[in-house]
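The chain contents come next:
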Amino acid sequence: MAVAKIGVINVSDRASKGIYEDIPGKAIVDTLNDYLVSEWETEYLVLPDEQDELEAAMIEMADKKGCSLIVTCGGTGPAPRDVTPEATEAVCNKMMPGFGELMRQESMKFVPTAILSRQTAGIRNKTLIVNLPGKPKAIRECLDAVFPAIPYCIDLIGGPYLECNEEVIKAFRPKNS
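A. Structural detail: a nonpolar patch on the surface. Residues M108, I115 and L116 make up a contiguous nonpolar surface patch of about 300 Å² in total accessible area. Relative to the helices and strands, L116 resides in the loop between α5 (97-108) and β5 (121-124). Judged by its relative accessible area of 46%, L116 falls in the partly exposed class.

B. Structural detail: the packing of aromatic side chains. Under the defined criterion, the tally for this structure stands at 1 aromatic pair. Ring plane angle 45° and centroid distance 4.7 Å describe the contact between Y35 and F147, whose orientation is recorded as tilted. Here F147 lies in the loop between α6 (136-146) and α7 (150-156) and Y35 lies in helix α2 (residues 23-35), a separation of 112 residues in the sequence. Lying over the aromatic face of Y161, R173 brings its terminal NZ or CZ to 3.8 Å of the ring centre.

C. Spatial organisation of the pattern of salt bridges. Per the counting criterion, the structure on display carries 14 salt bridges. Across the salt bridge formed by R124 and D63, the nearest N and O atoms sit 2.6 Å from each other. Here R124, found in strand β5, pairs with D63, found in helix α3 (residues 51-64); they are 61 residues apart in sequence, far enough to count as distant. Judged by its relative accessible area of 15%, R124 is buried. According to the relative accessible area criterion, D63 is partly exposed, its value standing at 39%. Residue D155 is joined to R173 by a salt bridge in which the shortest nitrogen-to-oxygen separation is 2.5 Å. One end of the pair, D155, is in helix α7; the other, R173, is in the segment after α7, and 18 residues separate them in sequence. Within the structure, one salt-bridge network assembled from shared partners comprises K5, E41, E43 and K65.

D. Structural context of the packing of α2 against α6. Interhelical geometry of α2 versus α6 gives an angle of 35° and a closest axis separation of 9 Å. As for how α2 packs across α6, the hand of that crossing is right-handed. Within the contact between the two elements, α2 uses I23, P24, A27, I28, T31, D34 and Y35 and α6 uses P136, I139, R140, L143 and D144. In terms of residue class, the contact of α2 with α6 is built from 8 nonpolar, 1 polar and 3 charged.

E. Structural view of the state of the cysteines. Counted by the stated rule, this structure contains 0 disulfides. Not engaged in a disulfide, the cysteine C73 finds its nearest cysteine sulfur in C142; these two sulfurs lie 11 Å apart. Judged by its relative accessible area of 0%, C73 falls in the buried class. Lacking any disulfide linkage, C92 is separated from the closest cysteine sulfur, that of C153, by 11 Å. Judged by relative accessible area, which is 14%, C92 ranks as buried.

F. View of unusual backbone geometry. Of note in the backbone geometry, N125 takes a positive phi value of approximately 55° without being a glycine. Of note, N125 is situated in the loop between β5 and β6 (127-132).

G. Examining the layout of surface pockets more closely. Approximately 800 Å³ is the volume found for the largest pocket. At the level of secondary structure, the elements contributing two or more residues to the lining of the largest pocket comprise β1 (4-11), α1 (13-16), α5 and α6. Broken down by element, the lining of the largest pocket gets its largest block of residues, 4 residues, from α6. Counted by class, the lining of the largest pocket contains 13 nonpolar, 11 polar and 10 charged residues.

Thresholds applied
Residues numbered from 1 in each chain as written. Predicted model: local features only at pLDDT ≥ 70, side-chain atom pairs only at ≥ 80, totals over all residues. Heavy atoms only, no water. Patch = residues over 30% accessible without salt bridge, like charges linked within 9 Å, V, L, I, M, F, W, Y side chains within 5 Å. Areas by Shrake-Rupley, 256 points an atom, 1.4 Å probe, with all protein chains shown as cover. Salt bridge = Lys/Arg side-chain N within 4 Å of Asp/Glu carboxyl O. Helix = DSSP H or I, 4+ residues; strand = E, 2+ residues; numbered from the N terminus. Buried < 20%, exposed > 50% of the residue type's maximum accessible area, 1.4 Å probe, protein only. Phe/Tyr/Trp six-rings, centres within 6.5 Å; stacked < 30°, edge-to-face > 60°. Lys NZ or Arg CZ within 6 Å of the ring centre and 35° of its normal. Axes fitted to C-alpha atoms, helices over the stretch in contact; angles between N-to-C directions. Left-handed = near helix turned anticlockwise from the far one by under 90°. Contact = heavy atoms within 4.5 Å. Nonpolar A, V, L, I, M, F, W, Y, C, P; charged D, E, K, R; others polar. Disulfide = S-S within 2.5 Å. 1 Å grid on protein atoms, 1.4 Å probe; cavity = no way out; pocket = protein on both sides within 12 Å on 5 of 7 lines; lining within 4 Å. Points joined across faces, edges and corners; volume = space filled by probe spheres on them.

Below, the structure is given as structure tokens:
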């Protein structure tokens, strides 16, 4: 079985300059390690909130590095430098708005400012790209909500089979898939 490649990008001006420790990106990796029993490896970056750099990194991870999933964190708010959704939309062939809708709905249970989040997801060829918020607690809450659909989505776009630790999270796959 092929080893799945998953891209993780922390989008943060301060973390990219070393002012803040890269806790959000590590939270994504830790969560994926909890979820997955399949063998996987990561392509990992910490980038500033620069749309052109983020677009180039997502294209590189998808097209050249062969990532079947790219998970970003940060840059999804309304501030002028928050450009992650714009970069995602620019590189994707199809947008998957249900991911953002569900993440916002889940986050609203914990914080009223979740309405300000612009998280989204999309598909670039054989790669699913999912934008998460930048706070580690919110990262886990959002991934807990949407991850059950991710393995089947990756199946549908021709990616590797991702097997989950059923004691932690159950992937949804139709009975005939």
